Amino acid sequence: MSYALELKDLRKNFGKTEIIRGVNLAVQSGERIAIIGPNGAGKSTLFNLISGRFGPSSGEILLNGQRIENKAPYEINRMGLSRSFQITNIFPKLSVFENLRCAVLWSLGYKYTFLKFLSGLKDANDLAEKYMAMIRLDKKRDLLAMNLTYAEQRALEIGITIAGGSNVILLDEPTAGMSRSETSRFINLIKEVTVGKTLLTVEHDMGVVFGLADKIAVVVYGEVIAFDTPEAVRSNAKVQEAYLGTHSAEEHAGGH
Amino acid sequence: MEFFIISMLNGLSYGLLLFMLSSGLTLIFSMMGVLNFAHASFYMIGAYFGYTLTSLIGFWPALFIAPFLVGGCGVIFERLTLRKVHKFGHVPELLVTFGLSYIVYELVQLIWGRTAVEFTPPELLKGSAFTLINNATTGLQLIWGAAPAEMCSAADATVRIVCSPFPATRAFMMFVALLMLLSLWLLLTKTRIGLVIQAALTHPETVEALGHNVPRVFMLVFGAGTGLAGLAGVIGGSTFVTEPAMAATVGSVIFVVVVVGGMGSLSGAFLASVLIGVIQTFAIAFDYSFVSVSKDLGFQLSSELQNNSFLKLTVSQVAPILPYLFLVLILIFRPKGLLGTREG
Amino acid sequence: MKSYQFKPYNVGRWLIWSLFAIVLICAPLIFTSNLSGTMLAQMGIAIIACLSYNILLGQGGMLSFGHAVYTGLGSFVAIHALNSITAGTSQIPVSLLPLVGGFAGIGFAVLLGYVTTKKSGTPFAMITLGVAELVFAMSLMFSEFFGGEAGISGNRVAGPTVWGISYGPQIQIYYLIAIYTFICVALMYAFTQTPLGRILNAVRDNPERVEFIGYNTQRVRYFAFIIAGFFAGISGGLGALNFEIVTSEVVGAGRSGGYLLFTFVGGATFFFGPIIGGILMVLAFVLLSELTKAWLLYLGLLFLFMVMYAPGGIASLIMMNLRAAAFGKLKQIWVSYLGLFVTAFVALIGAGAMIEMVYHLQLNSALGDNLKFMGISLNAKGVDSWFGSAFVMLTGLGLFEAIRRHFLIEWGDIQIEIEKEIKRRETA
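Turning our eyes to something else, we now look at the overall build of chain B. Within chain B, the secondary structure is distributed over 16 helices and three strands. By residue count, 46% of the 344 residues in chain B fall in the buried class. Within chain B, residue pairs in contact and separated by at least 24 positions form 78% of the contacts whose partners lie at least 6 positions apart.

This is the structure we're talking about:
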């Protein structure tokens, strides 16, 4: 069986500090995985390793059966993996529409051409319009990205991530800093835009996790201590031990 | 043999001068993220202040006062100008220092004129620190100070004696540079303010959160960096030449030093300064070109090849571009720099 | 009220470009003196050079200290090609020589740009400086190509004349430059509307994110560098034809610094900013340098002030005021503007008088102590001249500062009113 994403004994050290200590994970195509764990467990580091921001100290990462560790981010993206960032990472001086159009250019094969006009690229423009409508920012089409509200910028962040048409999507704390109502709206948005794709999301908000994920991976001190359906993880003794107090507090406080 | 030793020492002293400049540059860059394009301008101001102060109060007092004056100028500039553009990002900061270098160049010419001024070293440093005498019969000898004439020429014409003096100014330059290096190291590692600076080098916000006045620390570091450049200026200006073009000649070399050594690395800057200083000094001394070497080796070159201006170039003529060639090579084969850690 | 968009190059696109063409065609007919003729020709060359520089600076966020390398090498290759036409060894028409310069620009950009674009930001700037020093130092070593002290000269009246055009008279070379200027400006504008141009902007805004949408950031910069090199080479080629002599100072640091300074002052954030910059560059080098010996100092100070207070350049100042005008707010503050200009002028006169006196003492003391400044006779050694100028300058500065604070408050109010109006229109 070929997995969409596979991590084999992945390790990462920064100097002498071991951050990721042998992570094994196998994600099937179309699955929605939530990655949870206490702060400092290494969740963002895992994303950085998978998306190519830096390379692992040892171990393998396979995307649709092909090894991608130590490849450059653009190579990994071209092979079908996209990620969003916890701290909004958009193009501030371009408009909303331009942001999305940039995100679709490579996947449509336009590469580095300077012999075509952007206004004439019907497929790119239509695709950008489509995603803009999907993330509900069509009314803000020509607004500069830096002038959007925080939640709108997060939506744009997701938009840029999915616009390339990648099949494996990594979302790093997509609802960070949002209010209750914004979060629930956002979850529906994420569900809509990732239909049929493989999704991995780092989350702290348990409401989000249980509403969105098919399976949960619990990362503690750089290792995956549990990888199972939400109910099974909930009742997992090791997870309860690691989360003692934190989990119930999160449930009551609603994720903040 | 003595040629090698003297050249090596000359190269080391020049390299140490480069390090005096590039260390200040690296400190400022590491700490504030600003690459001070006008750093060599502060070097030049130091030389000119030294010149004026020397004519007023003598060399040795000038040596102590001029760096403080230059550091003061640096502090004023940081306070008035650099701080204002800090919020715009690193490119405007670089542009502001670029503009300053223009202005300083014009002001210096305005105040001191367009030709070189006579900034001579004091009496104490005018002679040689020591002289190496290579006597064909008695071998290599070292004499402190200048060698008397009789020792340099033999009565018997067949005995070959070569006297190689090492200028006191150069020795003094090495002395001051090493002293400065030592005190810098001691300051950074052994004192409390040094600890704060080291912390602020990588985590300025945390240091500020701990209650230290980081903008003030920045101002002091900028002042100290430019003051060091001023000190180098007093020494360099009296040893070499003091003229408006001196900033440009040394300016581009120290940027090469910083990139080759690895941006943000003091030890890298040291290594690169010494390397470039030594290589360039040796290169200037060599008068060999491809054509002359092949002649010496007995190869016959066609007259066309002999007249080719590329092959006719002597190593000494190529010497000025060696640092830049070095830069290009490092970028191709080791873009991080020799000892670089930061990506800049 | 007619709705106004703040991007003039979208409104009546044909109108703008036709106007540009008309200005290019008619300028020498209006300014007919010889001096104007040479200046107009130089402006065309400078416009292309500054626009090509802005592909790097404004569009790509790449600060280069060595752009003169590409314009200069383009000049050298072009003048050698010109001499080969004169010698009969080459059949290229003189009109196409700037293209030869352009291809030289591409060649050198391909060669040197590979190493240069390996880094970004501050290291990139330092590398361009190092490469520029390398090329300049080499220009003093290889006299066959660079001509040593005397440079390389040529004669643009070479080869067969087509339609009676020999390029002897200044007016003919001006129109050649004008045609190239129009085409190059149009092409460079078109570039900003292509995928590569847009991704270049993205690289400027957020180079890391670009990698994550599938683009190799280094490649993007390299290609942009080559395209900038092409237009730089064309500018150099035109320069070779115009001056008929090329010396090693065309690859020097002074010229690179000039491109940086004037592109920035003109405005790197808008497409037409460098056009303003190029025009100013020629005006400064030709007119200002004649007017006062302190012109480089004034330029440096102007640059410093623009970086601190108007980093978007003159173009951004124009656009901000156009926006205020569009909302009808300009009439509220024109009195403040007037006050600002008058007091700034007064302060400048005072400062200028003092600077001129210092320069006079330094450079012209052989001519005696008196100098003429704006029609007034000043004594460079006289206390009252100094006192008078200092007084004028300080008064001007004081009043300027007072009005400036008032202006800032008014301007802030206007911006708030404009924002409110925009929101109102959005929801209406």
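From this point, the narrative continues.
Moving on to the overall build of chain A. Of the regular secondary structure elements, chain A holds 10 helices and 10 strands. Relative to the globule expectation of 18 Å for 256 residues, the C-alpha radius of gyration of chain A, 19 Å, shows essentially globular dimensions. A principal-axis box enclosing the C-alpha atoms of chain A has dimensions of 60 × 40 × 35 Å. Taking all 256 residues of chain A together, the buried fraction comes to 43%. By sequence separation, contacts in chain A at least 24 residues apart represent 66% of the contacts at least 6 residues apart.

Let us now look at helix 9 (residues 214-239) of chain B. Here helix 9 of chain B is 26 residues long and its end C-alpha atoms lie 37 Å apart, about the 38 Å a rise of 1.5 Å per residue gives. The element helix 9 of chain B is largely enclosed, with a buried count of 23 among its 26 residues.

Counting through the fold element by element, A:Pro73 comes out in helix 2 (residues 73-78). Assessed through the 24 C-beta atoms surrounding it within 10 Å, A:Pro73 is described here as buried. Not counting chain neighbours up to four residues away, the residues in contact with A:Pro73 comprise A:Ser51, A:Gly52, A:Arg53, C:Glu211 and C:Phe212.

Interface size is commonly expressed as the accessible surface area that is lost when the partners come together. If you look at the interface, chain A gives 29 residues, while chain C gives 24 residues. Of all the secondary structure elements, the ones that give two or more residues to the side of chain A that touches chain C are helix 2 and helix 3 (96-105) of chain A. Of the residues that constitute the side of chain A that touches chain C, the class distribution is 17 nonpolar, seven polar and five charged.

Residue and element names in this part refer to chain B. Across seven bridges, strand 1 (residues 128-135) lies against strand 3 (residues 161-167) in antiparallel orientation. Residue Asn 135 lies in a different strand from strand 3, and its bridge partner there is Ile 161. The pairing of strand 1 with strand 2 (residues 139-144) spans six bridges and is antiparallel. Bridge pairing in strand 2 links Asn 134 to Leu 140.

This part takes up the interface of chain C and chain B. Listed per partner, the contact involves 34 residues of chain C and 38 residues of chain B. When residues of the side of chain C that touches chain B are traced back to their parent elements, those giving at least two are helix 5 (121-139), helix 6 (143-146), helix 11 (253-266), helix 13 (295-309) and helix 15 (330-363) of chain C. Here the element with the most residues in the side of chain C that touches chain B is helix 5 of chain C; it accounts for 12 residues. When grouped by side-chain class, the residues that make up the side of chain C that touches chain B number 24 nonpolar, six polar and four charged.

Residue and element names in this part refer to chain B. A sheet is described by the order of its strands in space; here three strands give the open sequence 2-1-3, paired in antiparallel fashion. At either end of the open sheet lies a strand with only one pairing partner, and these are strand 2 and strand 3. Taking each pair of neighbouring strands and ignoring which way they run, the sheet shows an average axis angle of 20°. Where helix 1 (residues 2-32) meets the sheet, its contacts fall on strand 1, strand 2 and strand 3, and the angle it forms with strand 3 comes to roughly 10°. Sheet contacts for helix 6 (residues 168-190): strand 1 and strand 3; angle to strand 3, the most-contacted strand, approximately 45°.

A few words now on the sheet that holds strand 10 (residues 223-228) of chain A. All names here are of chain A. Spatially, six strands are ordered 6-7-8-3-9-10 in an open sheet, and the strand pairing comes out mixed. Each having just a single partner strand, strand 6 (81-83) and strand 10 make up the two edges of the open sheet. When the angles between neighbouring strand axes are averaged without regard to direction, this sheet yields 15°. Strand direction decides the pairing type here: strand 7 (residues 168-172) and strand 8 (residues 198-202), joined by five bridges, are parallel. Each bridged residue has a counterpart across the sheet, and for Leu 170 the counterpart in strand 8 is Leu 200.

Next up on the list: unusual backbone geometry. Residue and element names in this part refer to chain A. At Lys 111, a residue that is not glycine, the phi angle is positive and equals roughly 45°. Given 14 C-beta atoms within a 10 Å radius, Lys 111 is considered partly exposed. The phi dihedral of Glu 173 falls on the positive side, at around 45°, and the residue is not glycine. By the secondary structure assignment, Glu 173 is in the loop between strand 7 and helix 6 (180-193). Among the residues examined, Glu 173 registers 20 C-beta atoms within 10 Å and is labelled buried.

A word on the nonpolar core. Membership of the largest hydrophobic core comes to 278 residues, with the highest contact counts inside it found for A:Leu100, B:Leu21, B:Tyr43, B:Met44, B:Ile254, B:Val257 and C:Ile199. Among the elements that take part in this core, helix 1 of chain B stands out by supplying 16 residues, more than any other. For B:Met44, the contacting residues outside a window of four places in its chain are B:Val104, B:Val108, B:Gly233, B:Met246 and B:Ala247. Membership of the second largest hydrophobic core comes to 12 residues, among which are C:Ala347, C:Ala380, C:Met393 and C:Ile403.

Next up on the list: the arrangement of the chains. Comparison of the two pairs of chains in contact shows the highest number of contacts for chains B and C. Nothing in chain A touches chain B, and the closest approach of their C-alpha atoms is 13 Å.

Right, let's talk about the domain arrangement of chain A for a bit. All names here are of chain A. The assigned domain composition of chain A is domain 1 (1-80 + 169-178 + 193-256) and domain 2 (88-165). A C-alpha centroid distance of 27 Å is found between domain 1 and domain 2. Contact with domain 1, which involves nine residues of that partner, is made by nine residues of domain 2. Residue assignment for the side of domain 1 that touches domain 2 shows that the elements contributing at least two residues are helix 2 and strand 7. Tallied by class, residues from the side of domain 1 that touches domain 2 come to five nonpolar, three polar and one charged.

How each quantity is defined
Residues numbered from 1 in each chain as written. Chains lettered and ligands numbered in written order. Predicted model: local features only at pLDDT ≥ 70, side-chain atom pairs only at ≥ 80, totals over all residues. Helix = DSSP H or I, 4+ residues; strand = E, 2+ residues; numbered from the N terminus. Buried ≥ 20, exposed ≤ 12 C-beta atoms within 10 Å, placed from the backbone. Contact = placed C-beta atoms within 7 Å. Rg over C-alpha atoms; globule rule 2.2 N^0.38 Å. Expected span 1.5 Å × (residues − 1). Nonpolar A, V, L, I, M, F, W, Y, C, P; charged D, E, K, R; others polar. Pairing = 2+ DSSP bridges. Axes fitted to C-alpha atoms, helices over the stretch in contact; angles between N-to-C directions. Core = buried A, V, L, I, M, F, W, Y, C linked by C-beta atoms within 7 Å. Domains from an automatic or database assignment.

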